[in-house]
Every structure is written in structure tokens, then in C-alpha cells.
Amino acid sequence: MSVQRGTGHSLRGRLAAFDDPDAMLDALRRLRQTGFSRLEVYSPYAVEEVDELLGRKPRALPLIVVAAGALGAVGGFLLQYWGMVLGYPLNIGGRPLNSWPAFSTTTFELAALAILLAGFLSFCALCRLPRLYDPIFDTPGFEQASQDRFLIWIPEREGRDDGELLRRLLPDGEGVHIDEVPA
Amino acid sequence: MGASRETGQDQTRVVEPGVTALSVTVHVSDLVLERRTPLWWWVGFGLSLGLLGLFVASLGWLFIRGVGIWGIDWPVAWGFAIGNYVWWVGMASGGTLISALFFLTRSEWRSATSRLAETMTVFCVACAGIMPVIHLGRWWYFYWLFPYPNTMALWPQFRSPLHWDFVAILVYVAGSVLFWYVGLLPDLATLRDRARRRWQRVLYGLLALGWQGSSRHWRQFKILYGLFAALMAPLVCSIHSIVGLDFAGGLTPGWHETQFPPYFVFGAALSGFAVVLMLVIPLRRALDLTGVITLRHVDVLARLMLTTSLLLSYCYLMEVFMPFYRGEEHEITVVMSELGGTYAPWYWAKIILNGVVPQLLWFRPLRLNRPLLFLIALCVVVGMWIERYVIVVGGLHRNHSESSWFVFVPTVWDWATLAGSVGLFLTGFFLALRFIPMVSMFELRELLNKKTTGGGQ
């Protein structure tokens, strides 16, 4: 099976497919213990523990969002201050121009807007979306990952032949299926 | 999924037995990808298009002739348009509450109904957003509400609740659409992967943005979705509070009430749950979803409707009590005119439809009687429109200066705009029914998997 199309990207590795999330987690554990890295899991829903096993923690998104919220709040307030105090001051019975309680709702709403937009955009950036084509889509059986199967992508390691090792670690049997993907 | 004919009257199960993760995925995506468009869809869509035509016609006439085609005049300058706005945006809350609030409480029953409810929200918000724009006499200047540098050196009045409302709608529209779309991404990818026809692959391929379901994607997705839920829950409360402040911020008798913000949140929630029920009851049959949208869902929604109806009834009581407690003469006049004046039939209709009729839901057999429940929900939806009508017109028509008292009589264009906006909603919703998976497939996969591996109820 060759997975070279249009874009010239190529992949080398194996795709192990499981019917059951627990079997997939077991296999993932074994692979990690044997020292495989750069593994990736594709699943029809978010499986707990996968992140721990892969040793990945999402740090960026919450920080970006907090920063965006703070910026949105400060910017939103300054916008109103600029408009009501500096740009277009209206003296109505000597009331203070910087009427911050009246600015609070818009400040909140604009902070929310900043969070929504920054959250969505940074989500796209961190997921590298939109990315309509990826060579992984060409691996046989990949479409099952969005339906009912749990896949582990095991990239080929430079200068090593893991065939034998993988056959031992992931015995081909119930609900396990390995596709070799050379490119 | 058809396997589950109504299994008795069990209302404890979130999912009927025999439904599996794969069967949900296959069934829900086939509804979009494979099933021949049923006759009821064509009939419903045709009628909706007719109403949408009416909306376009009434807006066209409005744009030609101006707001004089409506029954409004001083001092009742806010007529149907603002009532419709509050009504639509209130119904929109149903989707946000179900998908955001009950996501935060980790309620299992939410998963199967969230997509339907959120889709409803998106189109309700669209109808709501149009109303305040068209009620501006010179609607083509609506962009003056944006704070942008302009040669007139003008700024919007940031201190006005009306401007808070403008900002709140804007953010709520953006939030509802983003929340809905992000929640759709994994399901759009499923459709892309299951599609057999080329146009479907292209359409869903584009919409899914290249979602892979990798651990990297899910990791970010979980955070973003949780975050959006945590943000949308306060946002939905804020928008209805601000809508309440639109009224409370004015000195108009009957509007100048400190209880208005929560009053409007309760009313919004009541109409939101009612409209979700009105969609869920027929659609679970029509789309053959009785296996995943069970009697438990129907029961929960009915209870929520009862709860919010009680909360709202308390506000109705306070609304009458407070003017007497304060002893302000003019406010008492206004209350008395509501109870027995020109608009008294509307007032009592609102009390009966929103406060009395939902009391039937105390009784379990009535909650499980779907046709009756549908009717109760319909009563509430109509009642909530009447409530907004009474609030908007009731206060204005008896304002402080007796010389300007005025009775608002809606014209045919008022009614046409209202009916037409229903057409806009239904057209959008019918299209969504045809092209978007109406149940969140990935959430149900997770839920069903937890159940089969003994994750408990």
C-alpha cells in the first residue's frame, strides 16, 4: 500500500486498530513501556488516560484564553472610557464621566467575546485546522476512527525494524489489526 | 435503533436497551446521508418557505414604507418588534441552558438532546437579532451602534442598557454559533468518513475542517468545549438579565422593577424548555430516535418546565404586589389597568398559559402523555409571547402623562412579521434537520461505552 498522493507527503509506520478502548489502552501502555514514542491515538471520542499514557498535557489553550479574557476586559473597559470620558464627554447633572458600574456589563461581554474568538482560533491553530488533507487519511481503515474503532499510529523508527517486536507486543487477534503503511 | 419500540413506560433510562455506539452512529448519519427525504419534511419545509416569503414581503414593505405600517405610535413606540425580539431570544436560551448548563452539571440526559436544542438556539437567535434592527426607524443606520471612529466624532452611549443589549446579543450570537459549530466538528468528520456521494464528501469534508479525532485534537477539543460551556452558561443569564434591564432602566411604570433581570431569565428558560419539548416530542418519532431520546428526556424537560413556571409565577405575583407595597399611585393605576383594562384578556391569558396550565405537570401520567405535553408546551410558547406583549405595550400605553395614553392595535403587518419570523426559524431548522446530524454522535458513543463497560448509571 502506498500512501503518496498529490501533496507529496508520506508516512511510514503501522496502524493498529482496536474494537475496544480498553484493549487499545493496554496496547498503548505496552508500547510506551517498550520505549515507543511519537505515538498517536485516533478515536471516535475522547478516551480518558490516553493523554497520560502519551505524556501530553494541554497547557497552551487555557493560558491563551485567560490572556484573551484579560485583554478583552481591559480593552473593553478602555474603549468605553475613551468614548465616554475622553471622546464624547457628556455632562449630565455633574455625574462622573467615568461611570464604571455602567461600563461593567459591556466589559464582561467584550471579555467573553475575546475568549470565544481567541479560544476558537487558538483551538484551530493548536489542532492545525483547517487541514483538509493529511496523509493519515489515506491509511486503510482510517475512516473507522471517526465511527467505532480505536487506532494507534506507530511511526517507523529510524533505522530499526520493529516488525518482530510489534508482532509480539500486539498479537494479531481479537479486535486487533495491524496495517503496515510504507510510503 | 428502530428495535426499541417504546419499551413500556420506563422513564429512568437515558438510552433504551439494544442501542449500541455503532448503531447510533449509523442511524444518525444515515438520516443525513442515506435516507430519502421523507414526505413530512417536504410538506413542513414548503410551509416554512411560504412563511419565510411572508417575512420577506413584510420586511420589504417595511423598508419601503417605514415603521408606520405597524400599529405603533407615541407613546407605544415599542410594539411587536421588541416583544418578538424578547420572545425569540428567550426561546433561544433553551438550547444554551441544556447544552452548557447541563454539560457543567454532567447530566447524562443532555447528550441526546443537546444538538437539537443548540440548533434551535442558533435559528432562534437569528430571528431575535433581526427584530431590534428592523424596529429602528432608519434601520440602515444600525451600524452606528458599533463604536467605530467616524467623521461625526460620535460614540454610542455605553451607559445605556439598550447598548448593553446590543453588545450582549452580538456576543451571544457569536457564542451560540461557535459553541454549536465546535460541538459539530467530530460529527461532521464522521459524516465525511461515511459519505458515499461526492458532494457529501466535499461538503462535510470542508465543514469538518480536516478533523482527525487524534488525541491531540480531542485534548484541545475537551478543553475548548468545557470552556465554552462554562462561558455560555453565564452569558445566557447575562443576556436575559440585560434584556430585563432594557425595560427596568426606563422610568415607564410597570417596567421600572428591580426584579426584571431574574424575571426575564426565568421566562426565557421556561419558553426555552417548552420549545425544546415541542421539537423533541415529534422528532424523536419522525427521526426514529426513541432509542436515544427516551421518556426520561421528555420527563426531565417537563419537570424543568414546571420548575421554571413556578419561578416565573413568583415574579408574576411580585409584579402585582410591589406597586401596592410601594404605594406609588401611578404604578397602581397601571397594574389595575393590566388586571382589568384594555389588555386584561392578554394579561389573564399569560397568567393561565404560563402559570396555571404548567401545573398539570405535577402529575406523572400527564407528563408522560406526549400529545398533552406538546399542547402544554405550545401553551407556554404562546403564553410567553403574550407575556412580552403585555410587558411592552402594557407599560407604555398608560405612561405618566395621562394626555398621551394610547391603545396599541396591531396591524396586519405586525402579525405578518411575527408569522414570517416563525417561517425564518422553521426554514433554517428544517434545513438543519436535513443536513446536520441531529444527535451528538460522539457524545453518545462515549456515554454508551461507559454504560456497557459498567460505568454505572
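About the criteria used
- Residues numbered from 1 in each chain as written.
- Chains lettered and ligands numbered in written order.
- Predicted model: local features only at pLDDT ≥ 70, side-chain atom pairs only at ≥ 80, totals over all residues.
- Buried ≥ 20, exposed ≤ 12 C-beta atoms within 10 Å, placed from the backbone.
- Helix = DSSP H or I, 4+ residues; strand = E, 2+ residues; numbered from the N terminus.
- Pairing = 2+ DSSP bridges.
- Contact = placed C-beta atoms within 7 Å.
- Nonpolar A, V, L, I, M, F, W, Y, C, P; charged D, E, K, R; others polar.
- Core = buried A, V, L, I, M, F, W, Y, C linked by C-beta atoms within 7 Å.
- Axes fitted to C-alpha atoms, helices over the stretch in contact; angles between N-to-C directions.
- Parallel < 35°, antiparallel > 145°, perpendicular 65-115°, else oblique.
- Left-handed = near helix turned anticlockwise from the far one by under 90°.

## What to know about the pairing of strand 1 (residues 13–18) of chain A
Residues and elements named next belong to chain A.
- Of all six residues in strand 1, five are buried; the element is thus mostly enclosed.
- Bridge count between strand 1 and strand 3 (residues 150–155): six bridges; the pairing is antiparallel. Each bridged residue has a counterpart across the sheet, and for alanine 16 the counterpart in strand 3 is isoleucine 152.

## Points about the interface of chain B and chain A
- If you look at the interface, chain B gives 49 residues, while chain A gives 50 residues.
- Among the secondary structure elements, those contributing two or more residues to the side of chain B that touches chain A are helix 1 (21–33), helix 5 (161–194), helix 6 (198–207), helix 7 (215–248) and helix 15 (441–452) of chain B.
- Partitioning the side of chain B that touches chain A into residue classes produces 28 nonpolar, 13 polar and eight charged.

## Thoughts on the nonpolar core
- One finds Leu277 and Met305 of chain B to be the most contacted residues of the largest nonpolar core, which totals 181 residues.
- Non-local contacts of methionine 305 of chain B, meaning those with residues more than four positions away in its chain, are made with Leu270, Phe273, Ala274, Leu277, Pro358, Leu361, Ala377 and Val380 of chain B.
- Grouped together as the second largest cluster of nonpolar side chains are five residues, Phe77, Met84 and Phe103 of chain A together with Phe158 of chain B included.

## Topic: the packing of helix 4 (residues 110–135) of chain B against helix 14 (residues 412–435) of chain B
All names here are of chain B.
- Here helix 4 crosses helix 14 at 150°, and the two axes come no closer than 9 Å. As judged from the angle between their axes, helix 4 and helix 14 are roughly antiparallel. Taken as a pair, helix 4 and helix 14 cross one another with a handedness that is right-handed. In this structure, helix 4 contributes Thr119, Met120, Phe123, Cys124, Ala126 and Cys127 to the contact, and helix 14 contributes Ser421, Leu424, Phe425, Gly428, Phe429 and Ala432.
- Classifying every residue of the contact of helix 4 with helix 14 gives nine nonpolar, three polar and no charged.

## What to know about the environment of valine 43 of chain B
All names here are of chain B.
- Within the secondary structure, valine 43 sits in helix 2 (residues 39–65).
- For valine 43, a count of 10 C-beta atoms within 10 Å puts it in the exposed group.
- As for valine 43 and arginine 115, which are separated by 72 residues in sequence, their C-alpha atoms are 23 Å apart.

## A short note on the environment of leucine 203 of chain B
Residue and element names in this part refer to chain B.
- If you trace the backbone, leucine 203 turns up in helix 6.
- Residue leucine 203 is classed as partly exposed on the basis of its C-beta count, with 16 C-beta atoms lying within 10 Å.
- For leucine 203 and methionine 438, which are 235 residues apart along the polypeptide, the C-alpha to C-alpha distance reads 17 Å.

## Quick notes on unusual backbone geometry
- The amide bond that connects leucine 129 of chain A to the next residue, proline 130 of chain A, takes the cis arrangement and shows omega of -5°.
- Within the secondary structure layout, proline 130 of chain A lies in the loop between helix 4 (100–126) and strand 3.
- Here the residue pair tryptophan 74 of chain B and proline 75 of chain B is connected by a cis peptide bond, since its omega of 0° sits within 30 degrees of zero.
- Relative to the assigned elements, proline 75 of chain B resides in the loop between helix 2 and helix 3 (80–104).
- Even without a glycine there, the phi angle at arginine 128 of chain A is positive, about 55°.
- Phi is positive for leucine 209 of chain B, which is not a glycine, with a value near 60°.
- Judged by local crowding, leucine 209 of chain B falls into the partly exposed class, with 18 C-beta atoms found within 10 Å.

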